[in-house]
Amino acid sequence: MGRSIPAHIDDLQQGGIYTVTRRELEERTGASGRAVTAAVWRLKQSGRLVEPRRGFLVIVPLEYRSLGSLPASWFIDDLMRFLNQPYYVGLLTAAAIHGAAHHRPQEFQVVTDRPTRRITVGRVRIRFVQKSAIHEAAVQDVKTETGTMRVSTPEETAFDLVRYAPAAGHLDNVATVLADLAPQLDPERLVEVAGHFEESVAQKLGYLLDLVGATDRTDALHAWLTARNPSRAPLGYGPRPFAGPVDPRWNVVVNRTMEVEQ
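Residues numbered from 1 in each chain as written. Predicted model: local features only at pLDDT ≥ 70, side-chain atom pairs only at ≥ 80, totals over all residues. Heavy atoms only, no water.

Draft legend 1. View of the pairing of strand E5 (residues 108–112). The element E5 is largely enclosed, with a buried count of five among its five residues. Along E5, one buried face is formed by Phe-108, Val-110 and Thr-112 and the opposite face, lined by Gln-109 and Val-111, is buried too. Inspection of the sheet shows strand E4 (residues 87–89) paired to E5 by three bridges, in the antiparallel sense. What sits directly across from Val-89, in E5, is Val-110. Examined bridge by bridge, E5 and strand E7 (residues 124–130) share five bridges and lie parallel to one another. Bridge pairing in E7 places Gln-109 opposite Arg-127. (Buried < 20%, exposed > 50% of the residue type's maximum accessible area, 1.4 Å probe, protein only. Helix = DSSP H or I, 4+ residues; strand = E, 2+ residues; numbered from the N terminus. Pairing = 2+ DSSP bridges.)

In structure tokens form, the structure reads like this:
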């Protein structure tokens with residue numbers, strides 16, 4: 001109690017802690033709400049703090065001042081706990097974590113269960129994708145510089161990339177990323193994850209994996225789908241979604257030309 005706010009921020013960083021709330025600053029320093037507001041304003045002006053969400057503060061060490069923030073991986077777990085929202089790091093960001101970094105993601109992508117405004121702090125951008133059945137997702141804990149964060153497994157990531165293709169740069173980019181991600185995919189775990197998605201997503205995923213030469217990963221998924229006799233599924237969407245040749249293995253209408261980067 002009685003410590004100055006800048007001194008307390010320095011103490012937190014020295015202890016390996018890089019997030020704090022405005023309320024915690026009041027409680028730990030004994031400062032009034034007005035004093036905290038003034039101090040936070042000054043520290044934000046100097047680049048020492050950023051505030052991704054009102055009341056949630058991120059401490060920025062000198063070496064990250066040019067970025068304008070800590071990397072999102074350093075504080076995403078604390079942020080989502082502050083927001084009281086379930087989450088996992090997914091889509092292109094998860095794919096990159098699993099080694100599929102054909103293109104460096106331009107934003108940090110997070111899946112959560114409700115509409116959430118994107119965040120921009122400095123050059124760090126966080127995009128949120130809504131998924132109502134988030135508690136069914138297959139996730140794993142991945143170590144970060146400050147603790148851990150929840151990340152979709154390679155198999156969940158593959159399905160999400162197809163299901164939320166617009167957020168992943170559309171199907172051409174999805175196929176390119178899947179080519180890199182394929183070695184990490186377990187055929188049996190793909191089947192386990194498939195039950196949490198529409199059958200059409202599994203059909204399109206199977207087709208795209210075959211397209212990029214990962215047929216050794218798709219036999220179990222194909223057998224699972226065959227037992228369910230799924231309806232015909234268009235690969236892309238448009239004014240005439242069912243106009244095009246049908247891939248007999250996956251019952252997918254190939255209604256668009258795919259361009260996959262090598």
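Draft legend 2. Summary view of helix H4 (residues 72–83). Turning to H4, its buried residues are Ala-72, Ser-73, Trp-74, Phe-75, Ile-76, Asp-77, Leu-79 and Met-80. Phi for Asn-84, located one or two positions after H4, is positive at around 60°.

Draft legend 3. Focus on the packing of helix H1 (residues 5–14) against helix H3 (residues 33–45). At their nearest, the axes of H1 and H3 sit 10 Å apart, and the two run at 65° to each other. Packed against H1, whose contacting residues are Ile-5, Pro-6 and Ile-9, the element H3 presents Ala-35, Val-36, Ala-39 and Leu-43 at the interface. A class-by-class count of the residues in the contact of H1 with H3 yields seven nonpolar, no polar and no charged. (Axes fitted to C-alpha atoms, helices over the stretch in contact; angles between N-to-C directions. Contact = heavy atoms within 4.5 Å. Nonpolar A, V, L, I, M, F, W, Y, C, P; charged D, E, K, R; others polar.)

Draft legend 4. Highlighting the side chain of Thr-144. Tracing the chain through its elements places Thr-144 in strand E8 (residues 139–144). Since its relative accessible area comes to 15%, Thr-144 is described here as buried. Those residues in contact with Thr-144, other than ones at most four positions away along the chain, are Ser-73 and Met-149.

Draft legend 5. Molecular detail of the packing of aromatic side chains. For the coordinates displayed, the defined rule picks out four aromatic pairs. Grouped by ring-pair contacts, the aromatic residues Tyr-18, Tyr-64 and Trp-74 constitute a single cluster. (Phe/Tyr/Trp six-rings, centres within 6.5 Å; stacked < 30°, edge-to-face > 60°.)

Draft legend 6. Representation of unusual backbone geometry within the structure. Unlike most non-glycine residues, Asn-84 shows phi in positive territory, near 60°. Secondary-structure assignment places Asn-84 in the loop between H4 and E4.

Draft legend 7. The sheet that holds strand E3 (residues 56–59), seen in detail. Reading across the sheet, the three strands line up as E1-E3-E2 and stay open at both edges, with antiparallel pairing between neighbours. What marks the edges here is a single partner per strand, and that holds for strand E1 (19–21) and strand E2 (49–53). Taking each pair of neighbouring strands and ignoring which way they run, the sheet shows an average axis angle of 35°. The sheet contact formed by E2 and E3 spans three bridges and is antiparallel. Its bridge partner being in E3, Leu-49 is matched across the sheet by Ile-59. Where H3 meets the sheet, its contacts fall on E2 and E3, and the angle it forms with E2 comes to roughly 105°.

Draft legend 8. Up close: the sheet that holds strand E10 (residues 233–234). Taken in spatial order, the three strands line up as E10-E12-E11 in an open sheet, and their pairing is mixed. Pairing within the sheet leaves two strands with one partner each, and these edge strands are E10 and strand E11 (246–247).

Draft legend 9. Seen up close, the pattern of salt bridges. One pass over the full model with this rule turns up 16 salt bridges. Residues Arg-22 and Glu-51 are paired through a salt bridge, measuring 2.8 Å at the closest nitrogen-oxygen approach. Of this pair, Arg-22 sits in helix H2 (residues 22–29) while Glu-51 is found in strand E2, placing the two residues 29 residues apart along the sequence. Taken together, the shared-partner salt bridges in this structure form one network comprising Arg-22, Lys-44 and Glu-51. (Salt bridge = Lys/Arg side-chain N within 4 Å of Asp/Glu carboxyl O.)

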